[in-house]
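# Residue-level structural notes
As a plain string of letters, each chain reads:
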Amino acid sequence: ITKIGVLTSGGDSPGMNAAIRAVVRTGIYHGMEVYGINRGYSGMVDGDIHRLEGRSVANIIQRGGTFLKTSRCAEFFTKEGRKTAYDNLKKHGIEGLVIIGGDGSFRGAQIFSNEYDIPCIGLPGTIDKDIAGTDFTIGFDTAVNTAVEAIDKIRDTADAHDRLFIIEVMGRDAGYIALHSGISTGAEHILIPEKKTSVEDLIASLKEKERRKKLVNMIVVAEGEDFGGADELAKHIKKEMPHQELRVCILGHIQRGGSPSCFDRVIASRMGYHAVECLMEERFNVFIGIVNNKMHYTPLDEAVKKKQRISEEWLKIVKILAT
Ligand code: F6P
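Everything numeric in this text was worked out from a predicted model, so none of it was measured.

## Quick word on the overall build of the protein
The secondary structure content of the protein amounts to eleven helices and eleven strands. Projected onto its principal axes, the C-alpha coordinates of the protein cover approximately 70 × 35 × 35 Å. Burial statistics for the protein: of 323 residues in total, 54% are counted as buried. At a minimum sequence separation of 6, the contacts of the protein that also span at least 24 residues come to 75%. Each charge sign in the protein was given a centre, from 43 positive and 44 negative side chains, and these centres are 1 Å apart.

## Comments concerning the layout of surface pockets
Any space left empty among the atoms is revealed by the rolling of a water-sized probe across them. Reported here for the largest pocket is a volume of approximately 510 Å³. Together, 23 residues line the largest pocket, and Ile190, Lys195, Thr197, Val318 and Lys319 are the ones closest to its centre. Residues belonging to the lining of the largest pocket are distributed by class as follows: eight nonpolar, five polar and ten charged. Size it by volume and the second largest pocket reaches roughly 420 Å³. Residue lining of the second largest pocket: 25 residues in total, with Gly10, Gly11, Arg72, Asp103 and Arg172 positioned closest to the centre. Of the residues assigned to the lining of the second largest pocket, the class counts are five nonpolar, eleven polar and nine charged.

## Thoughts on the site of the ligand
Residues in close proximity to the ligand include Arg72, Ile127, Asp128, Met170, Gly171, Arg172, Glu223, His253 and Arg256, which together make up its full environment. Within the contact set of the ligand, an oxygen atom lies 2.7 Å away from a side-chain nitrogen or oxygen of Asp128. Glu223 is positioned with one of its side-chain polar atoms (N or O) 2.5 Å from an oxygen atom of the ligand. Among the cavities detected, the one that contains the ligand is the second largest pocket. Along the lines of polarity and charge, the residues of the shell around the ligand split into two nonpolar, two polar and five charged.

## With respect to the pattern of salt bridges
Under the criterion given, the structure shown has 16 salt bridges. In this structure, the salt-bridge partner of Arg256 is Asp12, at a minimum N-O distance of 2.9 Å. Of the two residues, Arg256 is situated in the loop between strand S9 (246–250) and helix H9 (262–280) and Asp12 in the loop between strand S1 (3–8) and helix H1 (16–29); the sequence distance between them amounts to 244 residues. A relative accessible area of 17% means that Asp12 is categorised as buried. For the salt bridge of Arg39 with Asp48, the shortest nitrogen-to-oxygen distance reads 3.2 Å. Residues joined in a network through salt bridges with shared partners are Lys3, Glu33 and Arg51.

## So, a nonpolar patch on the surface
Taken together, the side chains of Ile183, Trp314, Ile317, Ile320 and Leu321 make up a nonpolar region of the molecular surface, amounting to roughly 450 Å² of accessible area. The biggest single contributor to the nonpolar patch is helix H11 (residues 312–321), with four residues. Tracing the backbone through its elements, the reader meets Ile320 in helix H11.

## What about the packing of helix H3 (residues 79–91) against helix H4 (residues 103–115)?
At a closest axis distance of 11 Å, the pairing of H3 and H4 adopts a crossing angle of 70°. Relative to H4, H3 is oriented roughly perpendicular. Residues Lys79, Arg82, Tyr86 and Leu89 of H3 form the contact with H4, whose participating residues are Ile111, Phe112 and Glu115.

## Here's the deal with the packing of aromatic side chains
Counted according to the given criterion, the structure contains seven aromatic pairs. Residues Phe76 and Phe112 carry aromatic rings whose centres are separated by 5.5 Å and whose planes lie at 40° to one another, so their mutual orientation is tilted. Of this pair, Phe76 sits in the loop between strand S3 (49–52) and H3 while Phe112 sits in helix H4, and the two are 36 residues apart along the sequence. Phe76 gets classed as buried once you look at its relative accessible area, which sits at 0%. Take Phe112: its relative accessible area is 0%, and that puts it in the buried class. By the ring-pair criterion, three or more aromatic residues cluster together here, those being Tyr41, Phe76, Phe77, Tyr86, Phe112 and Tyr116. Directly above the ring of Tyr297 sits Arg283, whose terminal nitrogen or CZ lies 3.9 Å from the centroid.

## A look at the UniProt feature "binding site: ATP" (unreviewed entry) in the protein
When the UniProt feature table is mapped onto this chain numbering, "binding site: ATP" (unreviewed entry) sits at Gly11, Arg72, Cys73, Gly102, Asp103, Gly104 and Ser105. In sequence the annotated residues extend across 95 residues, while in space they remain close, none of their C-alpha pairs exceeding 13.5 Å. From this annotated list, the subset lining the second largest pocket comprises Gly11, Arg72, Cys73, Gly102, Asp103, Gly104 and Ser105. Looking at where Cys73 falls in the secondary structure, it is placed in the loop between S3 and H3. Non-local contacts of Cys73, meaning those with residues more than four positions away in its chain, are made with Tyr41, Ser42 and Val45. Tracing the chain through its elements places Asp103 in helix H4. The partly exposed category is assigned to Asp103, whose relative accessible area is 29%. Look past the residues within four positions of Asp103 in its chain and what remains in contact with it is Asp130, Ile131 and Lys307.

The rules behind each value
- Per chain, residue numbering runs from 1 following the sequence as it is written.
- Given that this is a predicted model, residues contribute local features only at a pLDDT of at least 70 and side-chain atom pairs are listed and counted only at 80 or more, while totals for whole chains, interfaces and linings are drawn from all residues.
- The side-chain numbers reported here are obtained from all heavy atoms of the structure, hydrogens and water having been left aside.
- Runs of E in the DSSP output that reach at least two residues are strands. Runs of H or I that reach at least four are helices, and both are numbered from the N terminus.
- Summary of the burial criterion: residues with accessible area below 20% of their type's maximum are buried, those above 50% are exposed, and those between are partly exposed, where the area comes from a 1.4 Å probe applied to protein chains only.
- Any two residues whose heavy atoms approach within 4.5 Å are treated as being in contact.
- Under this rule, positive means Lys or Arg and negative means Asp or Glu; His and the chain ends count for nothing.
- To locate a charge, take NZ of a lysine, CZ of an arginine, CG of an aspartate or CD of a glutamate.
- A cavity here means a set of 1 Å grid points, computed over protein atoms only, where a 1.4 Å probe fits but cannot escape. A pocket is an open set with protein on both sides within 12 Å along at least 5 of 7 lines, and lining residues have an atom within 4 Å of a point.
- Grid points are joined across faces, edges and corners, and a volume is the space filled by probe spheres set on the points.
- When residues are sorted by character, Ala, Val, Leu, Ile, Met, Phe, Trp, Tyr, Cys and Pro go into the nonpolar class, Asp, Glu, Lys and Arg into the charged class, and all the rest, Gly among them, into the polar class.
- One heavy atom within 4 Å of a molecule or strand is enough for the residue carrying it to be called near that molecule or strand.
- Counted as a polar contact is a pair of N or O atoms within 3.5 Å, where, for protein atoms, one must be capable of donating a hydrogen and the other of accepting one, and residues adjacent in sequence contribute only when both atoms are in side chains.
- What decides whether a molecule sits in a cavity or pocket is whether more than half of its atoms lie within 2 Å of the grid points.
- In what follows, salt bridge is the name for a side-chain nitrogen of Lys or Arg lying within 4 Å of a carboxyl oxygen of Asp or Glu.
- For patch building, the residue pool is restricted to those with more than 30% relative accessible area and no salt bridge; the joining distance is 9 Å between like charges and 5 Å between nonpolar side chains (Val, Leu, Ile, Met, Phe, Trp, Tyr).
- Accessible areas in this description were obtained via Shrake-Rupley with a 1.4 Å probe; residue shielding takes into account the shown protein chains only.
- For helices, the fitted line uses only the C-alpha atoms of the stretch in contact; every axis is such a line through C-alpha atoms, and the angle between N-to-C directions lies from 0 to 180 degrees.
- Here the word oblique covers every angle except those under 35 degrees (roughly parallel), over 145 (roughly antiparallel) and from 65 to 115 (roughly perpendicular).
- Each Phe, Tyr or Trp ring, with Trp reduced to its six-membered ring, pairs with another whose centre is within 6.5 Å; inter-plane angles below 30 degrees give stacked pairs, above 60 give edge-to-face pairs, and intermediate values give tilted ones.
- Whether a charge sits over a ring depends on NZ of Lys or CZ of Arg being within 6 Å of the ring centre and within 35 degrees of the ring normal.
- UniProt positions are given in the numbering used here, feature names are shortened, and annotations may be inferred rather than shown by experiment.

Next comes the structure, spelled out in structure tokens:
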């Protein structure tokens, strides 16, 4: 393989730039031509493809977002869209692809690599950490630390006013950001989609805390929780405890931005380097994860079927500590 393409797809995540940089520089080190594909699969369909040099990726490792830009491309999920994308890659002579994105992006890569003779390597770039086959995803550490910083600040004001706060964090239908940020900020309740909590039990627990004059309570809730988000949960609590001083804070997209943490920059660099090695060694159509600090390769065909699972031990820790 002498010509490769790299793209970022789906929701951006801090560290994507570090991964692109690693792919570009490792590819060039091995004498390859490296092409950047703008706006994810959309750029493949539109032919928005440009040659990158080592210096094209200078001064980006510390930046959030993705300098290649990203998108969620519906057209790529049609046969015609993929055919156009393939023709565009062929025009540039691209023989291998590195796709940095989440599970939706891997699904696209899996379909494409089964249809066409262009091997794909996936790198897990998502703040949600919802991909099985890796202990970490690029961007999760930064996002969760952003959430922690915000939640710590909210606790200061909650404490000053003796208030109950409901803080909604991102994660789509996964609870990892809530779990990690909740544990590390000492949240009194952590609500995640993987472990159903009944509103009645939650309210009973809040009432019990009220009886023992524990008035400052932080509820960290994952956006994918069944209650329909923090606002809905607030309505339930207000109905049962009308006197309760309560505020809602939805952290939203600040969790996706910002300079990547050292951890994210390092795993992105390692994964980007190994993506090129995989293409050279013909270890095709896998996504690269890190398990027990070692590179771990999962075939894309398997990756799209598996879901990351939260261990019982974590749930027990939450139950014991968050009271
Ligand atoms: O997958 C990353 C993520 O930030 C999720 O946590 C969130 O549900 C979603 O993307 C938000 O997507 P958008 O930026 O399109 O609103």
